[in-house]
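Chain residues, written in single-letter form:
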Amino acid sequence: MPYEIEKRLIPGIVNIPLKEIRYVIAHESGNSKNVGPDALEREVSYMSNNWRKAFTSHWVGDGGRIIQIAPVNRLQYGCGSKGNPLSYAQVELARTSDKEQFKKDYAAYIWLLRKLAKDAGIPVKLDYGGKGVKTHKWISDNLGGTDHTDPYSYLAAMGISAAQFRKDIENGIEEEDDDIMKFSNETTKNTVRDHIAQMVEKKYVDKSWLTKFDEGTMTNGDYDALCLIENQKKAAQK
């Protein structure tokens with residue numbers, strides 16, 4: 001699905017042309033002390049105030065938000081003196097300790113890296129020779145000028161292997177069902193769950209539907225069907 005890119009460009013940031021467009025760089029913050037609900041905003045604020053030391057074009061976090069803080073196709077200070085002049089865009093992933101939030105962040109991260117590669121006219125390939133999407137680790141290993149190894153360790157800690165990351169960059173993340181129920185807050189989610197639990201208790205539907213909800217595979221169409229069954233049962237009881 002498409003994501004909104006919030007533009008909050010840093011005032012007065014350098015505007016230096018690239019030598020060549022060869023890469024889009026995948027980073028993660030590396031900040032294990034900043035994993036709370038405000039991690040994205042804290043990272044963006046810090047980088048915006050300290051851009052002379054380091055800055056990238058985009059940040060991802062906070063449940064799939066994307067914030068752009070610097071122009072693409074211009075020099076950024078994110079992956080060392082060898083990689084920076086060749087990098088169309090550089091994307092940082094804010095950390096979280098919430099696995100469910102990570103899934104949303106990761107999906108947005110993949111979408112953005114793929115989009116930027118297409119915008120730059122380079123292959124949507126990860127860490128191969130030549131042009132393409134590169135990790136900070138690839139730059140360290142192949143170009144030098146930096147010694148960072150992100151984002152692999154953080155991704156692995158959250159259950160994403162190097163092979164899976166490459167597959168997702170190259171193929172995108174398949175939307176298993178665009179109609180899967182999604183909730184903006186826990187209160188609404190709990191209300192819907194309680195409603196389904198009541199239908200199960202009244203034997204309008206069997207318990208498998210509650211299990212499906214808890215597994216996160218229930219669609220909006222499923223829920224509509226359950227509500228229809230409930231209404232039919234109530235009507236029959238009158």
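To keep things clear, this report deals only with the structure shown in the data block. (Residues numbered from 1 in each chain as written. Predicted model: local features only at pLDDT ≥ 70, side-chain atom pairs only at ≥ 80, totals over all residues. Heavy atoms only, no water.)

A short note on the overall build of the protein chain
(1) Moving on: Of the regular secondary structure elements, the protein chain holds nine helices and six strands.
(2) Moving on: By the burial criterion, 44% of the 238 residues in the protein chain qualify as buried.
(3) Moving on: Element-wise, carbon and sulfur atoms account for 49% of the exposed surface of the protein chain, whose accessible area totals about 12,700 Å².
(4) Moving on: Across the protein chain, the 34 positively charged side chains and the 34 negatively charged ones have centroids separated by 4 Å. (Helix = DSSP H or I, 4+ residues; strand = E, 2+ residues; numbered from the N terminus. Buried < 20%, exposed > 50% of the residue type's maximum accessible area, 1.4 Å probe, protein only. Areas by Shrake-Rupley, 256 points an atom, 1.4 Å probe, with all protein chains shown as cover. Lys, Arg positive; Asp, Glu negative; His and termini not counted. Charge placed at Lys NZ, Arg CZ, Asp CG, Glu CD.)

Section: helix H1 (residues 39-49)
(1) Moving on: Listed as buried for H1 are Ala39, Leu40, Glu43, Val44 and Met47. Along H1, the residues classed as buried sweep out an arc of 125° about the axis, all on the same side. Every exposed residue of H1 that faces more than 90 degrees away from the buried side is listed here: Tyr46 and Asn49.
(2) Moving on: Each element contacted by the buried residues of H1 is listed here: strand S3 (58-61), strand S4 (65-68) and strand S5 (87-93). (Arc of directions from axis to C-beta. Contact = heavy atoms within 4.5 Å.)

Description of the nonpolar core
(1) Moving on: Core analysis: the biggest nonpolar cluster contains 29 residues, and Val60, Phe102, Tyr106, Tyr109, Leu113, Phe165 and Ile169 have the highest contact counts within it.
(2) Moving on: Elements represented by at least two residues in this core include exactly strand S2 (23-26), S5, helix H3 (99-120), helix H5 (152-157) and helix H6 (162-171).
(3) Moving on: In this structure Tyr109 touches Ala26, His27, Val60, Val91, Leu93, Pro151 and Phe165, once residues within four positions along its chain are discounted.
(4) Moving on: Within the second largest apolar cluster, 13 residues are counted, among which are Met181, Ile196, Met199 and Val205. (Core = buried A, V, L, I, M, F, W, Y, C linked by side-chain atoms within 4.5 Å.)

Considering the packing of aromatic side chains
(1) Moving on: In the structure shown here, the tally under the stated rule is 10 aromatic pairs.
(2) Moving on: Aromatic side chains Tyr106 and Phe165 sit 6.4 Å apart centroid to centroid with 45° between the ring planes, which places their arrangement in the tilted category. Taken together, the positions of Tyr106 in helix H3 and Phe165 in helix H6 put the pair 59 residues apart, joining distant regions of the chain.
(3) Moving on: Of the residues examined, Phe165 reaches a relative accessible area of 0% and is grouped as buried.
(4) Moving on: An aromatic cluster is built from Phe102, Tyr106, Tyr109, Tyr152, Tyr154 and Phe165, whose rings are joined through pairwise contacts.
(5) Moving on: The cationic tip of Lys134 hangs over the ring face of Trp138; the distance from NZ or CZ to the ring centre is 4.1 Å. (Phe/Tyr/Trp six-rings, centres within 6.5 Å; stacked < 30°, edge-to-face > 60°. Lys NZ or Arg CZ within 6 Å of the ring centre and 35° of its normal.)

Focus on the side chain of Glu230
(1) Moving on: Residue position: Glu230 is located in helix H9 (residues 220-237).
(2) Moving on: Glu230 gets classed as buried once you look at its relative accessible area, which sits at 8%.
(3) Moving on: Not counting residues within four places of it along the chain, the set of residues in contact with Glu230 comprises His195, Met199 and Tyr204.

Structural measurements only, silent on function.
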